[in-house]
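Residue strings, one per chain:
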Amino acid sequence: MGGAARGGGGGGGGSCPAGLCRLLLLGLCCWAAGAAAVRGSDNGDTLPESIPSAPGTLPHFMQEPDDAYIIKSNPIALRCKAMPAMQIFFKCNGEWVHQNEHVSEESLDENTGLKVREVFINVTRQQVEDFHGPEDYWCQCVAWSHLGTSKSRKASVRIAYLRKNFEQDPQGREVPIEGMIVLHCRPPEGVPAAEVEWLKNEEPIDSQLDENIDTRADHNLIIRQARLSDSGNYTCMAANIVAKRRSLSATVIVYVDGSWEVWSEWSVCSPECEHLRIRECTAPPPRNGGKFCEGLSQESENCTDGLCIQGIENASDIALYSGLGAAVIAVAVLVVGVTLYRRSQSDYGVDVIDSSALTGNSLLLNSSMQPDLTVSRTYSGPICLQDPLDKELMTESSLFNPLSDIKVKVQSSFMVSLGVSDRAEYHGKTHSGTFPHGNSRGFNTIHPRNKTPYIQNLSSLPTRTELRTTGVFGHLGGRLVMPNTGVSLLIPHGAIPEENSWEIYMSINQGEASLQPDGSEVLLSPEVTCGPSDMVVTTPFALTIPHCADVSSEHWNIHLKKRTQQGKWEEVMSVEDESTSCYCLLDPFACHVLLDSFGTYALAGEPITDCAVKQLKVAVFGCMSCNSLDYNLRVYCVDNTPCAFQEVVSDERHQGGQLLEEPKLLHFKGNTFSLQISVLDIPPFLWRIKPFTACQEVPFSRVWCSNRQPLHCAFSLERYTPTTTQLSCKICIRQLKGHEQILQVQTSILESERETITFFAQEDNTFPAQTGPKAFKIPYSIRQRICATFDTPSAKGKDWQMLAQKNSINRNLSYFATQSSPSAVILNLWEARHQHDGDLDSLACALEEIGRTHTKLSNIPETQLEETDFSYSRQNGL
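Now for a description of the structure that goes with this document. Numbers given for residues are sequential positions, taken from 1 along each chain in its written order. The model is predicted, so local features are restricted to residues of pLDDT at least 70 and side-chain atom pairs to those at 80 or more, both for listing and for counting; the totals for chains, interfaces and linings are taken over all residues. The side-chain quantities take in all heavy atoms of the structure and omit both hydrogens and water.

### Considerations on the state of the cysteines
Note on disulfides: each one is a pair of cysteine sulfur atoms within 2.5 Å. Summed over the entire model, instances satisfying the criterion amount to 5 disulfides. Bridging cysteine 92 to cysteine 139, the disulfide has an S-S length of 2.0 Å. Every disulfide takes its handedness from the sign of the S-S torsion; for cysteine 92 and cysteine 139 that torsion is 110 degrees, giving right-handed. Here cysteine 92 is found in strand S4 (residues 87-92), whereas its partner cysteine 139 is found in strand S8 (residues 137-145), with 47 residues between them in sequence. Exposed residues in this analysis have more than 50% of their type's maximum accessible area, buried residues have under 20%, and partly exposed residues fall in between, with area computed by a 1.4 Å probe over protein chains only. Taking relative accessible area as the criterion, cysteine 139 reaches 0% and is therefore assigned buried. Here cysteine 269 is linked by a disulfide to cysteine 303, with a sulfur-sulfur distance of 1.8 Å. Between cysteine 269 and cysteine 303, the S-S torsion sits near 45 degrees, and that sign places the bridge as right-handed. On the criterion of sequence distance, the pair formed by cysteine 269 in the loop between strand S21 (250-255) and strand S22 (274-278) and cysteine 303 in the loop between strand S23 (298-302) and helix H3 (315-345) is long-range, its members being 34 residues apart. A relative accessible area of 41% means that cysteine 269 is categorised as partly exposed. Residue classification places cysteine 303 among the partly exposed residues on the basis of a relative accessible area of 22%. This cysteine, cysteine 695, is not joined by any disulfide, and cysteine 732 carries the nearest cysteine sulfur, 8.6 Å off. Secondary structure is summarised from DSSP: a helix means a run of H or I of at least four residues, a strand means a run of E of at least two, and numbering begins at the N terminus for each.

See the structure below:
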């Protein structure tokens with residue numbers, strides 16, 4: 001308040017208005033002079049050794065001013081009452097209130113006979129609005145007696161209001177019966193803070209009468225186990241001393257999915273040698289829009305173990321069928337003989353059409369005389385054979401391993417470079433019984449020009465079923481990292497009881513995936529196991545799993561799944577669900593999961609629309625073949641997870657392959673269109689590509705569900721002369737009606753001249769296990785201060801919820817509300833998300849925005865940190 005409004009004298013602290021001070025001093029001096037005169041008359045002219053103290057005590061406040069709120073334009077009254085008191089004056093915002101603005105009353109206390117004074121003043125809305133200071137408008141009383149002054153408490157005066165719009169309205173939900181319902185409500189901003197009440201169908205909800213309902217957690221409504229009776233319209237009501245506000249109504253539907261009764265008994269055997277059994281979708285029937293039962297409602301089977309013979313009623317029928325069988329066998333023998341003959345006469349080896357097809361041979365375009373592409377072979381590892389007749393053989397040129405129904409488009413490199421459309425299209429199927437597969441990801445070509453016979457032992461290639469790492473952790477916690485895989489485990493400080501230690505392990509399944517997704521689901525991450533399974537933690541740990549989905553709630557429904565002890569997979573939660581048992585935070589390339597039990601986890605996704613996108617990493621490797629003139633290119637399209645690419649790198653190291661171009665990201669849509677891979681711009685007169693390999697096409701399903709083995713295809717290039725050592729070309733990977741990527745190959749085929757391209761970023765080459773304070777980015781002492789600050793509720797909302805919001809954690813806050821220290825769990829999640837960058841400056845900025853911290857963590861004086869924190873913070877740039 002300005003001096004004009006609250007003037008009438010200077011002074012501060014316990015000083016009084018000038019006129020009152022003069023009166024009080026005059027009264028005290030006169031009283032002291034009178035007392036001295038009396039004593040002088042009794043004892044001659046001797047002066048008293050000291051002036052006696054005045055009778056009485058310091059003022060005692062019987063009533064102090066209370067905090068008050070101004071409603072609309074109505075002024076409020078602040079009151080003070082003290083005994084004994086000669087005078088009472090108000091002081092507001094450090095300035096004395098004018099004497100004319102005081103209204104006082106004086107009386108005597110009946111018991112003590114001391115003087116009691118009561119004073120009040122009015123404070124208007126205009127006075128509060130005109131005040132601009134670092135804190136709220138405040139007033140306090142100062143009371144005087146003969147012995148001195150006393151001060152009352154400071155009373156704040158605020159203008160009461162309640163805004164119209166809710167910060168968050170509850171949203172409608174459809175939940176299965178016995179599922180959890182969480183309706184969020186953040187009331188409008190107001191002073192004082194609004195109280196929240198929930199209505200169901202316009203009737204108040206009393207959580208005291210229903211243990212299944214909880215309305216205490218941060219204004220949210222939680223129904224632990226949904227019942228059919230919980231369906232209805234829910235409204236959040238907010239009210240304070242100024243007004244009441246209603247949120248938008250949220251419709252909650254509790255549905256029941258249908259289930260099949262058990263099968264009925266088999267019926268009697270019919271004349272057609274079949275019997276039936278049925279079941280109905282009535283246990284329970286679907287309700288409130290629940291799904292109808294899946295599977296068959298009627299099932300039939302042969303009831304004579306296949307011995308029932310009908311339709312062959314006489315010898316003529318038997319003879320007819322016997323003749324047909326003999327004809328089929330004869331045709332099969334003829335096909336085998338012709339095939340063997342063609343192989344023995346071919347000048348180009350296995351499954352390669354005469355190259356004259358590329359020069360306009362009319363047989364190629366004659367639909368009645370298509371070449372035989374029904375037999376193809378799959379090789380594992382480089383295989384080189386010596387031809388006794390020294391004939392020039394050509395390799396099988398198009399290898400998808402394992403892949404059926406591939407489309408091989410007949411194009412020469414010259415036609416591809418000119419953009420000429422396809423001349424003909426043939427379909428081939430892999431033949432499963434020609435060569436052993438061994439490691440199905442290895443492949444190469446046959447080149448008998450090499451006079452030294454060479455056959456690699458296929459079984460010598462290592463086949464790993466899992467990656468594994470371990471570490472011993474205690475009360476201080478730590479971090480377990482699987483290098484170059486994107487998988488990590490964060491054990492928080494205090495998760496393991498003191499004086500205990502555990503050997504914790506983590507592994508990634510690299511063999512056949514045990515999770516078989518249902519329906520249209522696809523596996524989006526590796527299967528990660530952490531243990532031991534019997535270990536108990538006192539606070540949730542953080543498991544980071546990479547994924548390959550282009551995250552969008554509009555196009556994907558992503559689930560966290562866990563494998564049971566029986567080997568089956570069950571859904572833990574959808575990443576968009578509300579749960580108090582675990583928490584999933586989905587980042588663009590990884591999912592961070594807060595868990596309290598170890599086990600095997602994976603992410604599966606169900607595409608909601610055709611616009612759902614999987615992120616693929618495309619890369620090209622190359623190496624010389626056994627024939628010194630040939631060079632092999634291998635193009636990989638794998639899920640964009642570090643562990644998937646590491647598997648490719650490991651295989652290529654065993655085969656001598658070199659990465660020729662930095663891998664790139666390809667967005668592959670779930671629109672059922674296939675993937676095309678082609679080699680372009682091959683230098684003429686220097687290199688040529690083997691027939692039928694310039695463009696290769698992979699079916700959609702092979703790419704979309706390629707979560708078991710890396711998808712790749714091979715191209716074989718041949719030099720015209722041994723003096724050619726440089727290779728430049730482009731590799732185009734594109735999805736029909738989708739995206740494309742170009743890999744630019746510019747390399748030397750000589751190893752001594754080749755530039756090395758790094759497989760992984762340097763930051764991934766870390767130690768697998770880090771324990772104690774050095775495993776964490778936030779020093780422990782700073783972490784403790786943050787938790788102590790934000791775990792304490794604040795009337796202005798500056799608590800752990802604001803800390804979560806500033807760290808982009810905006811959903812499923814009920815999970816943190818159930819933790820003993822919500823801030824600690826939020827910081828654990830921050831540690832998991834920032835294990836590589838450790839961006840402490842962004843965390844400090846978030847704290848400054850909240851208003852609790854005004855200094856960045858990087859500027860905290862070193863003397864305030866513990867010794868362990870000091871050394872660590874210096875290493876991390878704090």
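### Notes on the packing of aromatic side chains
Any two rings among Phe, Tyr and Trp, with Trp reduced to its six-membered ring, count as a pair given centres within 6.5 Å; such a pair is stacked if its planes are under 30 degrees apart, edge-to-face if over 60, and tilted if neither. Scanning all chains against the criterion turns up 15 aromatic pairs. On the numbers, 4.9 Å between centres and 55 degrees between planes, the contact of tyrosine 583 with phenylalanine 816 is tilted. Placement of tyrosine 583 in strand S37 (residues 583-586) and of phenylalanine 816 in helix H10 (residues 814-817) is noted, with a sequence separation of 233 residues between them. Among the residues examined, tyrosine 583 registers a relative accessible area of 0% and is labelled buried.

### Overview of helix H11 (residues 822-833)
Since there are 3.6 residues in each turn of an α-helix, residues three or four apart along the chain are aligned in direction. One less than the number of residues in a helix, times 1.5 Å, gives the span that helix is expected to have. Between its first and last C-alpha atoms H11 spans 17 Å; for 12 residues at 1.5 Å apiece the expected length is 16 Å, and the two agree. Those residues of H11 lying buried are Pro822, Ser823, Ala824, Val825, Ile826, Leu827, Asn828, Leu829, Trp830, Glu831 and Ala832.

### Remarks on the sheet that holds strand S29 (residues 478-482)
Reading across the sheet, the 6 strands line up as S37-S38-S34-S30-S29-S50 and stay open at both edges, with antiparallel pairing between neighbours. With partners counted over all chains shown, the strands left at the sheet margins are S37 and strand S50 (769-771), one partner each. Each strand of the sheet is rotated relative to its neighbour by a mean of 15 degrees, with strand direction disregarded. For two strands to count as paired, DSSP must find a minimum of two bridges between them. Pairing of S37 with strand S38 (residues 590-595), which is carried by 4 bridges, proceeds in the antiparallel orientation. Bridged to tyrosine 583 within S38 is leucine 594. Fitted lines through C-alpha atoms give the axes, limited to the stretch in contact for helices. The angle between two N-to-C directions lies from 0 to 180 degrees.

### As for the nonpolar core
A general trend in soluble globular proteins is that nonpolar side chains are found buried together. Formed by 71 residues in total, the largest nonpolar core has its most connected members in Leu489, Leu543, Leu633 and Ile733. Look past the residues within four positions of leucine 489 in its chain and what remains in contact with it is Gly478, Arg479, Leu480, Ile504, Met506, Cys530, Phe541, Ala542, Leu543 and Phe598. For the purposes of this section, nonpolar cores are sets of buried Ala, Val, Leu, Ile, Met, Phe, Trp, Tyr and Cys residues that join through side-chain atoms within 4.5 Å. Any two residues having at least one pair of non-hydrogen atoms within 4.5 Å are treated as being in contact.

### With respect to the sheet that holds strand S18 (residues 221-223)
With respect to topology, 3 strands assemble into an open sheet ordered S13-S18-S17, the strand pairing being antiparallel. Edge positions in the sheet fall to strand S13 (181-183) and strand S17 (213-214), since each of these pairs with one other strand and no more. Summarising the sheet, S13 and S18 pair through 3 bridges and their orientation is antiparallel. Bridged to leucine 183 within S18 is leucine 221.

### Focus on the environment of asparagine 288
Turning to its location among the elements, asparagine 288 is positioned in the loop between S22 and S23. Taking the relative accessible area as the measure of exposure, asparagine 288 reaches 44% and is therefore partly exposed. Once residues lying within four places of it in the same chain are set aside, the contact partners of asparagine 288 are Leu228, Ser231, Ile253, Val254 and Tyr255. In the analysis that follows, any N or O atom pair within 3.5 Å is treated as a polar contact, provided that within protein one partner can donate a hydrogen and the other can accept it, and provided that, for residues neighboring in sequence, both atoms belong to side chains. Looking at asparagine 288, its side chain comes within polar contact range of the main-chain oxygen of valine 254, at 2.7 Å.

### Re unusual backbone geometry
Backbone torsion omega between methionine 83 and proline 84 reads -15 degrees, so that peptide bond is classified as cis. Following the sequence through the fold, proline 84 ends up in the loop between strand S3 (76-83) and S4. Between glycine 531 and proline 532 the backbone carries a cis peptide bond, its omega angle lying at 15 degrees. Mapped onto the fold, proline 532 is located in the loop between strand S33 (528-531) and strand S34 (541-546). Despite not being glycine, asparagine 484 shows a phi value in the positive range, around 65 degrees. Note on placement: asparagine 484 falls in the loop between S29 and strand S30 (487-491). Under the relative-accessibility criterion, asparagine 484 is labelled buried at 12%. A positive phi angle, near 60 degrees, is found at serine 808, a position not held by glycine. Structurally, serine 808 is set in the loop between helix H9 (800-806) and H10.

### Focus: the pattern of salt bridges
The rule for a salt bridge is simple: a side-chain nitrogen of Lys or Arg has to be within 4 Å of a carboxyl oxygen of Asp or Glu. All chains considered together, the criterion is met by 21 salt bridges. Measuring nitrogen to oxygen at the nearest pair gives 3.5 Å for the salt bridge that ties lysine 115 to glutamate 106. Residue glutamate 106 is classed as partly exposed on the basis of its relative accessible area of 46%. Among the ionic pairs, arginine 688 bridges to glutamate 718, the shortest N-O distance being 3.2 Å. Highlighted residues: arginine 688 in strand S45 (residues 687-689) and glutamate 718 in strand S47 (residues 711-719), separated in sequence by 30 residues. When its relative accessible area of 36% is taken as the criterion, arginine 688 is described as partly exposed. According to the relative accessible area criterion, glutamate 718 is buried, its value standing at 10%.

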